Amino acid sequence: MDTKDISILAIESSCDETSASIILNGKVLNNIVATQSVHEKYGGVVPELASRAHQENIVPVVFEALSTSGLKKSDLNAIAFTRGPGLMGALLVGVSFAKSLAYSLQIPLIEVNHMQAHVLAHFIEDPKPKFPFICLTVSGGHTQLVLVKSPLEMEVIGETRDDAVGEAFDKTAKLLGLPYPGGPLIDKYAKEGNPKAFQFPITRMPNLDYSFSGIKTAVLYFLRDQIHSNPNYIEENIADLCASVQYSLIEMLLIKLKLAVKQYGVKEIAIAGGVSANSGLRDTLTDLAKKRGWNLYIPKFEYCTDNAAMIAMAAHFKYQEGEFASMDVTPLAKMKI
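Below is a summary of the structure that appears in this document. Because the structure is predicted, anything quoted here is derived from the model rather than measured.

**Observations concerning the overall build of the chain**
Right, so step 1: Across its full length, the chain holds 9 helices and 11 strands.
Right, so step 2: Over its C-alpha atoms the chain spans a radius of gyration of 21 Å, differing by no more than 12% from the 20 Å that the globule rule assigns to 337 residues.
Right, so step 3: Principal-axis analysis of the C-alpha atoms gives the chain an extent of 70 × 45 × 30 Å.
Right, so step 4: Counting only carbon and sulfur atoms, one obtains 51% of the accessible surface of the chain, whose full area is about 15,200 Å².
Right, so step 5: Placing the 32 positive and 36 negative side-chain charges of the chain at their respective mean positions leaves the two points 5 Å apart.

Here it is as C-alpha cells:
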C-alpha cells in the first residue's frame, strides 16, 4: 500500500446490527453486516440481548472486513466507531473494541455520529448530492429534516416531537398482528391494497417538526371498534389497512419536506435511514421529485439500514479535517448532529 493512502476500519454497533467496513482513499472496499434474529420473538430489540450478540459478532465481523479488503492491520491509518446515538450497551461493545484496537496499533480514533453517517451514506457511490442539500432522515428511532451545508456542517431544521416514523410503522404493525420488524411487512401488504380505503389523521405540527404518535392511537381505536363487530376484520382487510397507514405516514413526511424545500430554496433532496428502504416512500418521493424538478438521491438498500460503510464514509471526511477522538471517549445514548 502506498504511504500516502488513507485506510480506515469502521465499526457500527448502535442497535442490532454488528458491522465493519474498510474505506481506502474515500472508496468503500466492503461492508460486512451481522444481523440479530434473536429479537424477533420479543417483538422488538432487547438491549441486553443486543449487547451480547455484538460481543459474539464483533471479532468475526472485523476479521472478515480485514480479510476481504486485501489490507493488513498494519496498513490501517485510523479506527472509526459509532459513538452515538444508540443503545448504551450496544455502543459500549463497539467503542471498547475500537479503542483497544487503535491503542494496540498506535493509530488515531475517529468518533462518528450515527445520524450524520446516515446522511453521508450518499457519498459512498455516485451520483452524489451537491451542497447544500436537504436530507430527510428516517429510521427506527429518528425522523429529521437536515440542511447539509458540507460533509461536516449539518443543521437539523425539523424533527419529530415524539415517535419516529419507523416506530410508527412498527407499532401499527404490532396492532395489526404482524411480527417484528413490522415496517417491511406493512410495505409488502400495502402493494396489494388501496391507500385511500381508510382515512387516518394527518398530524400537523408547528414549523418543520413532526409527530407520529397520533396515528398509532387512531389505528388502535379504529381496530377496536371494527373487531367488536367482526373478529376477522384485520385478516379480511390487511392489505387496505397497511396501504392506508403507509399512505398517511408518507403524506406526513412529504408535507414537511415540501415546506422545507420552499422555505430554504434547495432542490437537491436526499433520503436516508432504514425507512428509506420503504418502496412506497421511494416511489412517492420519486414521482414528487419529477413533478417539482428536484434532484433526488436515494442510497442502495444496503446503505439505508445501519451499516459500517456509512460510518467509514463519515470517518474519511473527519480524517481529512484531522478530527480525532481521545482515548477517554465514551459512548452517548443521545447525540445531536
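**Quick word on the sheet that holds strand S10 (residues 268-272)**
Right, so step 1: Spatial ordering of the open sheet is given by S9-S8-S7-S10-S11, a layout of 5 strands whose pairing is mixed. Every other strand in the sheet has two partners, leaving strand S9 (153-159) and strand S11 (295-297) as the edge strands with one partner each. Across the sheet, the axes of successive neighbouring strands diverge by a mean angle of 25 degrees, strand direction being ignored.
Right, so step 2: In the sheet, S10 pairs with S11 via 3 bridges, with the strands oriented parallel. Of the residues in S11, the one forming a bridge with alanine 270 is tyrosine 297.

**Describing the pattern of salt bridges**
Should the charged atoms of two oppositely charged side chains come close, the side chains can pair.
Right, so step 1: Counting across every chain of the model gives 9 salt bridges.
Right, so step 2: Of the charged contacts, one joins glutamate 125 and lysine 300 as a salt bridge, the two residues approaching to 3.4 Å between their closest N and O atoms. One end of the pair, glutamate 125, is in the loop between helix H3 (114-120) and strand S7 (133-138); the other, lysine 300, is in the loop between S11 and helix H9 (308-320), and 175 residues separate them in sequence.
Right, so step 3: Glutamate 125 gets classed as partly exposed once you look at its relative accessible area, which sits at 32%.
Right, so step 4: Classification of lysine 300 as partly exposed rests on a relative accessible area of 44%.
Right, so step 5: Arginine 161 serves as the salt-bridge partner of aspartate 209, at 2.8 Å between the closest nitrogen and oxygen.

**Some words on the nonpolar core**
Right, so step 1: Grouped together as the largest cluster of nonpolar side chains are 46 residues, with contacts concentrated most on Ile134, Leu145, Leu249 and Leu257.
Right, so step 2: Elements with a minimum of two residues in this core: S7, strand S8 (143-150), helix H4 (165-175), helix H5 (183-190), helix H6 (213-229), helix H7 (233-264), S10 and helix H8 (279-292).
Right, so step 3: Looking at this core, the element that brings in the most residues is H7, giving 15 residues.
Right, so step 4: If sequence neighbours within four positions are ignored, isoleucine 134 has contacts with Leu145, Val146, Leu147, Leu257, Ala260, Val261, Tyr264, Val266, Glu268, Ile269 and Ala270.

**Topic: the pairing of strand S2 (residues 17-24)**
Right, so step 1: The buried fraction of S2 amounts to 7 of the 8 residues, a majority that puts the element mostly inside the structure.
Right, so step 2: A loop of 4 residues connects strand S1 (residues 7-12) with S2, the two strands running antiparallel in sequence.
Right, so step 3: Here S2 pairs with strand S3 (residues 27-28) via 2 bridges, running antiparallel. Directly across from isoleucine 23, in S3, lies its bridge partner valine 28.
Right, so step 4: If you look at the hairpin formed by S2 and S3, you'll find 2 residues sitting between the two strands, and asparagine 25 has a positive phi there, around 55 degrees.

**Re the packing of H7 against H8**
Right, so step 1: Orientation of H7 relative to H8, taken along the N-to-C sense of each, is 35 degrees, at an axis distance of 10 Å. Note on packing geometry: the crossing formed by H7 with H8 is right-handed. Note on element contacts: H8 touches H7 through Gly280, Leu281, Thr284, Leu285, Leu288 and Arg292, opposite Gln246, Ile250, Leu253, Leu254, Leu257 and Lys258.
Right, so step 2: A class-by-class count of the residues in the contact of H7 with H8 yields 7 nonpolar, 3 polar and 2 charged.

**Thoughts on the side chain of aspartate 306**
Right, so step 1: Within the fold, aspartate 306 resides in the loop between S11 and H9.
Right, so step 2: For aspartate 306, the side chain forms a polar contact with the side chain of histidine 114, separated by 3.0 Å.
Right, so step 3: Setting aside anything within four residues of it in sequence, one finds aspartate 306 in contact with Glu12, Ser14, Cys15, Glu17, Val33, His114 and His118.

**Some points on the packing of aromatic side chains**
Right, so step 1: If you walk through the whole model with that rule in mind, you get 10 aromatic pairs.
Right, so step 2: Relative to phenylalanine 222, the ring of phenylalanine 200 lies with its centre 5.6 Å away and its plane at 85 degrees, an arrangement referred to as edge-to-face. Of this pair, phenylalanine 200 sits in the loop between H5 and H6 while phenylalanine 222 sits in helix H6, and the two are 22 residues apart along the sequence.
Right, so step 3: Arranged with centres 6.1 Å apart and planes meeting at 70 degrees, the rings of phenylalanine 222 and tyrosine 233 form a pair that is edge-to-face.

**Notes on unusual backbone geometry**
Right, so step 1: With an omega of -10 degrees, the peptide bond running from glycine 84 to proline 85 counts as cis.
Right, so step 2: Among the secondary structure elements, proline 85 is positioned in the loop between strand S5 (78-84) and helix H2 (88-105).
Right, so step 3: The step from phenylalanine 131 to proline 132 runs through a cis peptide bond, and the omega angle for that step is -10 degrees.
Right, so step 4: By the secondary structure assignment, proline 132 is in the loop between H3 and S7.
Right, so step 5: We note that glutamine 106 has phi near 55 degrees; this positive angle belongs to a residue other than glycine.
Right, so step 6: The exposure class of glutamine 106 is exposed, given its relative accessible area of 63%.
Right, so step 7: With phi around 55 degrees, asparagine 207 is a residue other than glycine that occupies positive phi space.
Right, so step 8: Secondary-structure assignment places asparagine 207 in the loop between H5 and H6.
Right, so step 9: The exposure class assigned to asparagine 207 is exposed, which follows from its relative accessible area of 63%.

The rules behind the values
- Residues numbered from 1 in each chain as written.
- Predicted model: local features only at pLDDT ≥ 70, side-chain atom pairs only at ≥ 80, totals over all residues.
- Heavy atoms only, no water.
- Helix = DSSP H or I, 4+ residues; strand = E, 2+ residues; numbered from the N terminus.
- Rg over C-alpha atoms; globule rule 2.2 N^0.38 Å.
- Areas by Shrake-Rupley, 256 points an atom, 1.4 Å probe, with all protein chains shown as cover.
- Lys, Arg positive; Asp, Glu negative; His and termini not counted.
- Charge placed at Lys NZ, Arg CZ, Asp CG, Glu CD.
- Pairing = 2+ DSSP bridges.
- Axes fitted to C-alpha atoms, helices over the stretch in contact; angles between N-to-C directions.
- Salt bridge = Lys/Arg side-chain N within 4 Å of Asp/Glu carboxyl O.
- Buried < 20%, exposed > 50% of the residue type's maximum accessible area, 1.4 Å probe, protein only.
- Core = buried A, V, L, I, M, F, W, Y, C linked by side-chain atoms within 4.5 Å.
- Contact = heavy atoms within 4.5 Å.
- Left-handed = near helix turned anticlockwise from the far one by under 90°.
- Nonpolar A, V, L, I, M, F, W, Y, C, P; charged D, E, K, R; others polar.
- Polar contact = N/O pair within 3.5 Å; in protein donor to acceptor, adjacent residues only side chain to side chain.
- Phe/Tyr/Trp six-rings, centres within 6.5 Å; stacked < 30°, edge-to-face > 60°.

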